[in-house]
Amino acid sequence: MGRPAKFTREQLQQAALALVDADGLSGLTMRALASRLETGAMTLYNYVSQREELEMLVVEAVLGKVRWETDDRLPWHDALEDIAIALWRVIRDHPHVIPLILTRRSRSPAVFEVTEALLRTLAQSGRSGARLLVGFRAVSALIMGAAQAELAGPLTLQADESPDDTIARFQALPADRFPHLIEIATAATASDAETEFRASLSLLIDGLRADAAPQA
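Residues numbered from 1 in each chain as written. Predicted model: local features only at pLDDT ≥ 70, side-chain atom pairs only at ≥ 80, totals over all residues. Heavy atoms only, no water.

Would you mind going over the side chain of Glu55 with me for this structure?
Mapped onto the elements, Glu55 comes out in helix H4 (residues 51-63). For Glu55, a relative accessible area of 8% corresponds to the buried category. Here Glu55 is in contact with Leu28, Leu100 and Arg104, once residues within four sequence places are set aside. (Helix = DSSP H or I, 4+ residues; strand = E, 2+ residues; numbered from the N terminus. Buried < 20%, exposed > 50% of the residue type's maximum accessible area, 1.4 Å probe, protein only. Contact = heavy atoms within 4.5 Å.)

For this particular structure, what's the right way to read the environment of Arg51?
Counting through the fold element by element, Arg51 comes out in helix H4. Between the alpha carbons of Arg51 and Leu33 there is a distance of 11 Å; along the sequence they are 18 residues apart. Apart from residues lying up to four places away in sequence, Arg51 is in contact with Leu25, Leu28 and Thr29.

In this structure, what is going on with the layout of surface pockets? I would like to understand it.
If a probe the size of a water molecule is rolled over the atoms, the empty space left behind becomes visible. There is about 280 Å³ of room inside the second largest pocket. Lining the second largest pocket are 15 residues; nearest its centre among them are Leu102, Arg105, Phe136, Ser140 and Met144. Every element with two or more residues in the lining of the second largest pocket is listed here: helix H6 (98-104), helix H7 (109-123) and helix H8 (129-149). At six residues, the largest contribution of residues to the lining of the second largest pocket is made by H8. Residue composition of the lining of the second largest pocket, grouped by class: eleven nonpolar, two polar and two charged. (1 Å grid on protein atoms, 1.4 Å probe; cavity = no way out; pocket = protein on both sides within 12 Å on 5 of 7 lines; lining within 4 Å. Points joined across faces, edges and corners; volume = space filled by probe spheres on them. Nonpolar A, V, L, I, M, F, W, Y, C, P; charged D, E, K, R; others polar.)

Would you explain the packing of aromatic side chains in this entry?
Given two aromatic rings, one states the distance between the centres and the angle between the planes to describe the pair. In the structure shown here, the tally under the stated rule is two aromatic pairs. The cationic tip of Arg169 hangs over the ring face of Phe170; the distance from NZ or CZ to the ring centre is 5.3 Å. (Phe/Tyr/Trp six-rings, centres within 6.5 Å; stacked < 30°, edge-to-face > 60°. Lys NZ or Arg CZ within 6 Å of the ring centre and 35° of its normal.)

For this particular structure, what's the right way to read unusual backbone geometry?
The phi torsion of most residues other than glycine is negative, and most of the peptide bonds are trans. One non-glycine residue, Glu38, lies in positive phi territory at about 55 degrees. Relative to the helices and strands, Glu38 resides in the loop between helix H2 (30-36) and helix H3 (41-44). With relative accessibility at 72%, the residue Glu38 sits in the exposed group.

Which parts of the structure should I look at to understand helix H10 (residues 179-188)?
An α-helical segment advances 3.6 residues per turn. Residues three or four places apart therefore align on the same side. All buried positions along H10 are accounted for by Ile182, Ala185 and Ala188. Projection of H10 onto a plane perpendicular to its axis shows the buried side chains occupying an angular sector of 120 degrees, all on one side. Turned more than 90 degrees away from the buried face of H10, the exposed residues are His180 and Glu183. Considering only its buried residues, H10 is in contact with helix H9 (163-171). (Arc of directions from axis to C-beta.)

Got a minute to help me understand the environment of Leu80 in this structure?
Position of Leu80 relative to the elements: it lies in helix H5 (residues 76-92). A C-alpha to C-alpha distance of 33 Å links Leu80 and Leu28, two positions 52 residues apart in sequence. Setting aside anything within four residues of it in sequence, one finds Leu80 in contact with Leu118, Thr121, Leu122, Val139, Ile205 and Leu208.

Here it is, written out as structure tokens:
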């Protein structure tokens, strides 16, 4: 009989994700993970053999948290909204993981599940083939882009600059040359991430509904 496993897969996932959340992708190393788990790096090779497997642990740790409504009675656009918001909320909590989701999406069952759920709702709008692909790319790009934008804040931050300082810098631009840039900088002072994402998603879904097949 073999020796019992010292760590569960969930323990490895959560420890690896904590490293990425704290230090970005550069912090995800076998040595750092071993230190966090208070074991030796060689011990971890009994569980993962290369960095790609570490990265898969992180992707699955994040996407495994996504939960959405599965009510088949919902109109396709409402179901799409539920899944997109659920996915965005999880990803925005772990924005450093976005590059891994994008580069490892063809290998992770967790990615397959949420992707298929999104595609299922879009297919119910009458889309197929290239139109289904384009619809999916539009929704996933909004989710990933909106989550990643929060790394910088409401506008592009400079090093050691607070969001308020950044907004003030934009508001100080010449009003005759940059009126709209100043306008959105001012709007950002009263904005919040979820309100912005929901509004952006509504715009996108309105477009998808307008472009849906007549039978939808």
